[in-house]
Structure formats: C-alpha cells, structure tokens
Amino acid sequence: LIVEDGALREQDVQRVTVAKRQVVEQDGLLEYYPAVEGLDQVAGLGGLKAWLARRRPVVADPRKAEAYGLSFPKGVLLLGVPGCGKSLCAKAVAREWGLPLLRLDPGNLYDKYIGDSEKNFKRAMQTAERMAPIVLWIDELEKAFASVSGDSDGGVSNRVFGSFLSWLQERKADVFVAATSNDVAKLPPEFVREGRLDEIFFADLNRVDARAEIFRIHLRKRKQDPVQFDLEQLSGVTEGFSGAEIEE
C-alpha cells in the first residue's frame with residue numbers, strides 16, 4: 001500500500017483487511033467471516049462472558065501482558081445442546097476482542113489423494129498463523145474426526161488428528177481457537193487434555209431470565225419494542241426451548 005501511493009493512511013486499514021480476506025479465500029481451506037454480532041447478542045453464559053472479559057487486556061496489549069508472564073489465550077471448547085448459541089459465541093469473541101474471524105470447515109481438508117489431506121491441514125494452519133492475531137472457529141468438532149477411532153479411511157483421520165493435537169500444543173502464533181461440539185462423547189479424550197485449550201464451557205437450555213433476554217434480542221432485531229410484549233409469560237411457556245427455537 002505504501003508503494004502504491006507513497007503513504008500509509010487511515011483508510012488503508014480497510015484495504016489491508018480486504019487483502020487478507022483475498023489471501024484466505026484464494027487458498028480455499030479457511031473462510032473469512034465478518035464479526036457482526038457481539039456478546040451483547042448472547043443471552044446467559046455469564047461464566048464465559050466473564051472469562052473473556054478478564055482476558056481482553058491480554059489480547060489488546062500482548063507485549064505488556066508478556067512482560068507480566070501472561071501468554072495469549074489458547075482457546076475454548078463450547079459444548080452443549082444444539083441451538084443454544086455455541087456458534088454465536090464463537091463468532092462474538094472476534095467482535096469483542098476486535099480480531100479477524102476465520103472458520104475452518106474440516107470437510108475442506110480431506111482429499112481423495114494420499115497425503116493431500118495432511119498437506120491441506122498444514123496449509124490451513126500456516127494461513128491462520130500468518131493472519132495472527134485471529135480467532136479460529138471450528139464448528140461441530142466431533143464430525144471432523146469421526147473416523148479417528150477406526151481405520152475406515154485408511155488412517156487419514158488419525159494422521160490429521162495427530163497433526164491437529166501437535167499444532168494445538170506447540171503453536172507459537174496468537175491464534176485463539178473457538179471450537180464447538182454437540183456430542184462430547186464422540187470427542188477423543190486427548191483433545192480435552194490440559195495445555196491444548198484453556199477452558200471448556202457448557203451451553204445448556206436457557207433459564208427463564210435468559211429466555212426473556214432472548215425474546216428482547218430477537219424482537220429488537222425485528223424492529224419491535226420488547227416493552228409491548230409480556231416477556232414474563234412468553235419466557236414461562238417456552239421452558240425447554242433452545243435459543244434457536246425461541247427465535248423461530
């Protein structure tokens with residue numbers, strides 16, 4: 001950008017973002033997501049919100065944090081019932097911390113040619129590290145390594161999973177992993193070992209106060225005034241509803 005016009009201006013920041021997005025999309029292994037919604041659009045999950053808030057200063061000023069012996073956060077695993085906001089939380093982290101959001105679709109990694117799946121994974125992680133600091137969102141993690149326990153795919157899943165574990169443990173770049181899973185029983189136990197991710201959070205069906213907040217959020221999105229609705233009654237009759245079901 002400096003070579004083009006001999007200066008570095010405020011509007012060049014947006015051009016840098018566009019250039020980064022083009023790099024990611026050309027590779028085809030990661031998707032660049034705009035961070036639109038923040039944690040104010042997430043009802044409940046107070047523990048996760050507090051955890052993220054405490055680490056915001058570390059993300060905002062990594063050098064100062066390093067002087068105090070604090071490292072960049074590794075990531076979190078969000079478990080729970082489908083439709084309870086796990087993916088929304090993963091995306092909201094990027095907005096709260098002001099970081100780019102990249103999504104890894106494990107289906108893009110696997111290739112029919114021997115050795116290409118492992119190469120794809122390494123390329124994807126190299127791209128993520130070049131873009132750092134970022135949030136790397138991996139949705140429905142258990143589906144990515146469904147064949148780890150067997151040899152139905154010739155051991156490809158085992159090798160990619162091994163590379164993934166090594167990368168989680170050894171990575172040096174500031175890449176925060178936000179992984180989601182609907183079924184913890186399908187996750188290999190090695191994945192949740194200490195040192196690979198910082199914390200595990202469970203997203204359950206919402207309590208009555210959180211359901212009322214979900215109604216407020218979605219009513220405002222539809223340009224309705226929540227005050228005009230009986231939220232107490234609505235949240236009372238939607239016991240057992242997920243956030244996605246309340247939205248519908």
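Structure shown above.
Worth saying up front: this structure is predicted, and the values here are computed from it rather than measured.

A closer look at helix H2 (residues 12–27)
No. 1: Its 16 residues give H2 an end-to-end C-alpha distance of 23 Å, which sits within 8% of 22 Å, the value for a rise of 1.5 Å per residue.
No. 2: Gly-28 sits one or two positions beyond H2 and adopts a positive phi of about 80 degrees.

Notes on unusual backbone geometry
Where the residue is not glycine, phi is negative for most of them; where a peptide bond is considered, it is trans in most cases.
No. 1: Omega for the peptide link from Ala-132 to Pro-133 comes to 5 degrees, which places this bond in the cis form.
No. 2: Here Pro-133 lies in the loop between helix H6 (116–131) and strand E4 (134–138).
No. 3: Although it is not a glycine, Lys-223 adopts a positive phi angle of roughly 60 degrees.
No. 4: Tracing the backbone through its elements, the reader meets Lys-223 in the loop between helix H9 (208–221) and helix H10 (231–237).
No. 5: Given a relative accessible area of 76%, Lys-223 falls into the exposed group.

A word on the layout of surface pockets
No. 1: Reported here for the largest pocket is a volume of approximately 620 Å³.
No. 2: Gly-83, Cys-84, Gly-85, Asn-206 and Gly-243 are the residues nearest the centre of the largest pocket, which is lined by 32 residues in total.
No. 3: Every element with two or more residues in the lining of the largest pocket is listed here: helix H5 (86–97), strand E6 (199–203), H9 and helix H11 (243–247).
No. 4: Looking at the lining of the largest pocket, the element that brings in the most residues is H9, giving six residues.
No. 5: Of the residues in the lining of the largest pocket, the class split is 13 nonpolar, ten polar and nine charged.
No. 6: Lining the second largest pocket are 20 residues, and of these Leu-70, Ser-71, Phe-72, Pro-73 and Lys-74 sit closest to its centre.
No. 7: Elements with a contribution of two residues or more to the lining of the second largest pocket: helix H3 (46–60), helix H4 (62–67) and helix H8 (156–170).
No. 8: Element by element, the count of residues in the lining of the second largest pocket is highest for H3, at four residues.
No. 9: Along the lines of polarity and charge, the residues of the lining of the second largest pocket split into nine nonpolar, two polar and nine charged.

Describing the packing of aromatic side chains
No. 1: The final tally for this structure, using the stated rule, is five aromatic pairs.
No. 2: Ring pairing ties together the aromatic residues Trp-51, Trp-97, Phe-176 and Phe-201, which thus form one cluster.
No. 3: In this arrangement the basic side chain of Arg-103 is found over the ring face of Trp-137, its NZ or CZ atom lying 5.4 Å from the centre.
No. 4: Looking at Arg-171, its charged tip hangs above the ring of Trp-167, at a distance of 5.0 Å from the centre.

Thresholds applied
Residue numbers run consecutively from 1 along every chain, following the written order of its sequence. Where totals are concerned, whole chains, interfaces and linings use all residues; where local detail is concerned, this predicted model gives features only for residues with pLDDT of at least 70, and gives and counts side-chain atom pairs only at 80 or more. Note that water and hydrogens are dropped before the side-chain values are worked out from all heavy atoms of the structure. By the criteria applied, helices consist of DSSP H or I runs no shorter than four residues and strands consist of E runs no shorter than two, each listed in order from the N terminus. To estimate how far a helix should reach, multiply one less than its number of residues by 1.5 Å. Whether a residue is buried, partly exposed or exposed follows from its accessible area with a 1.4 Å probe, protein chains only, as a fraction of its type maximum: under 20%, in between, or over 50%, in that order. Only protein atoms enter the 1 Å grid used here, on which a cavity is any set of points holding a 1.4 Å probe that cannot leave and a pocket is any open set flanked by protein within 12 Å on both sides along at least five of seven lines; residues with an atom within 4 Å of a point are listed as lining. Grid points are joined across faces, edges and corners, and a volume is the space filled by probe spheres set on the points. Any residue outside Ala, Val, Leu, Ile, Met, Phe, Trp, Tyr, Cys, Pro, Asp, Glu, Lys and Arg is labelled polar, Gly included; the first ten of those are nonpolar and the last four are charged. Any two rings among Phe, Tyr and Trp, with Trp reduced to its six-membered ring, count as a pair given centres within 6.5 Å; such a pair is stacked if its planes are under 30 degrees apart, edge-to-face if over 60, and tilted if neither. A positively charged side chain is recorded as over a ring if its NZ (Lys) or CZ (Arg) lies within 6 Å of the ring centre. The angle to the ring normal must also be within 35 degrees.

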